[in-house]
Amino acid sequence: MTVSMAARIICIGNRFVGEDDFGSRVYDMLAGMALPAGVEIVDGGLAGLNLLRYLDDGRSIVFIDAVSGFAPLGEITVIDGDVIARQATGSYGHEAGLPFLLGVLPTVVDNPPPRIRLVGCEGSASDSAVQDAARLSLQLALEAL
């Protein structure tokens, strides 16, 4: 029996830049774990709009990324996708990032995800924050199963 994927965790960021390596570090941790059936992880890196291909099959999505202006420094926060989408400025460039991607999502995919959340870390992340984010992202993904 094949289990369909119900949730996807997409870790984004630049593993070579300390202020932007949070998603990559969480991906590395998740990749070393036995994931529950129905949960898939993706190393989204700096894929930008190329991530749209992961968002059109109706799976619940949990993004992992560094954030700015949402929590005290070093803390983990969970933000709904619609809140992130409202941060879009309307123009595209690397700095537009996840807000732009989520802002255009309804116009470019036939079956948008039922729920999108972002697990973010404000500023540099400690090893314990990375571990906490990995556990939290799995918990959020499991809610979709």
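Above: the structure in question.
Residues numbered from 1 in each chain as written. Predicted model: local features only at pLDDT ≥ 70, side-chain atom pairs only at ≥ 80, totals over all residues. Heavy atoms only, no water.

Caption draft 1: Structural context of the pairing of strand β3 (residues 60-67). For β3, the tally of buried residues reaches 7 of 8 residues, placing the bulk of the element in the interior. Summarising the sheet, strand β1 (residues 7-12) and β3 pair through 5 bridges and their orientation is parallel. Across the sheet, residue alanine 7 finds its bridge partner in β3, namely serine 60. Taken together, the 7 bridges between β3 and strand β5 (residues 116-122) define a ladder with parallel strand orientation. (Buried < 20%, exposed > 50% of the residue type's maximum accessible area, 1.4 Å probe, protein only. Helix = DSSP H or I, 4+ residues; strand = E, 2+ residues; numbered from the N terminus. Pairing = 2+ DSSP bridges.)

Caption draft 2: Up close: the pattern of salt bridges. Enumeration according to the criterion identifies 11 salt bridges in this entry. Linking arginine 8 and glutamate 40 is a salt bridge whose minimum nitrogen-to-oxygen distance equals 2.8 Å. Linking arginine 8 in strand β1 with glutamate 40 in strand β2 (residues 39-45), this pair joins segments that are 32 residues apart in sequence. On the basis of relative accessibility, which here comes to 5%, the residue arginine 8 falls in the buried class. When the shortest N-O distance is used, the salt bridge between aspartate 82 and arginine 86 registers 3.6 Å. Owing to a relative accessible area of 46%, aspartate 82 belongs among the partly exposed residues under this scheme. Here the residues in one salt-bridge network are Arg8, Glu40, Asp57 and Arg59, joined through shared partners. (Salt bridge = Lys/Arg side-chain N within 4 Å of Asp/Glu carboxyl O.)

Caption draft 3: Molecular detail of the sheet that holds strand β4 (residues 76-80). Spatial strand order, β2-β1-β3-β5-β4: 5 strands in an open sheet with mixed pairing. In this open sheet, the two edge strands, each paired with only one partner strand, are β2 and β4. Pairwise comparison of adjacent strand axes, ignoring direction, gives a mean angle of 20° for this sheet. Where β4 and β5 come together, 5 bridges link them in antiparallel fashion. Opposite aspartate 80, over in β5, you have arginine 117 as the bridge partner. Set on the sheet, helix α1 (residues 22-31) makes contact with β1, β2, β3, β4 and β5; between it and β1 the angle comes to about 135°. (Axes fitted to C-alpha atoms, helices over the stretch in contact; angles between N-to-C directions. Contact = heavy atoms within 4.5 Å.)

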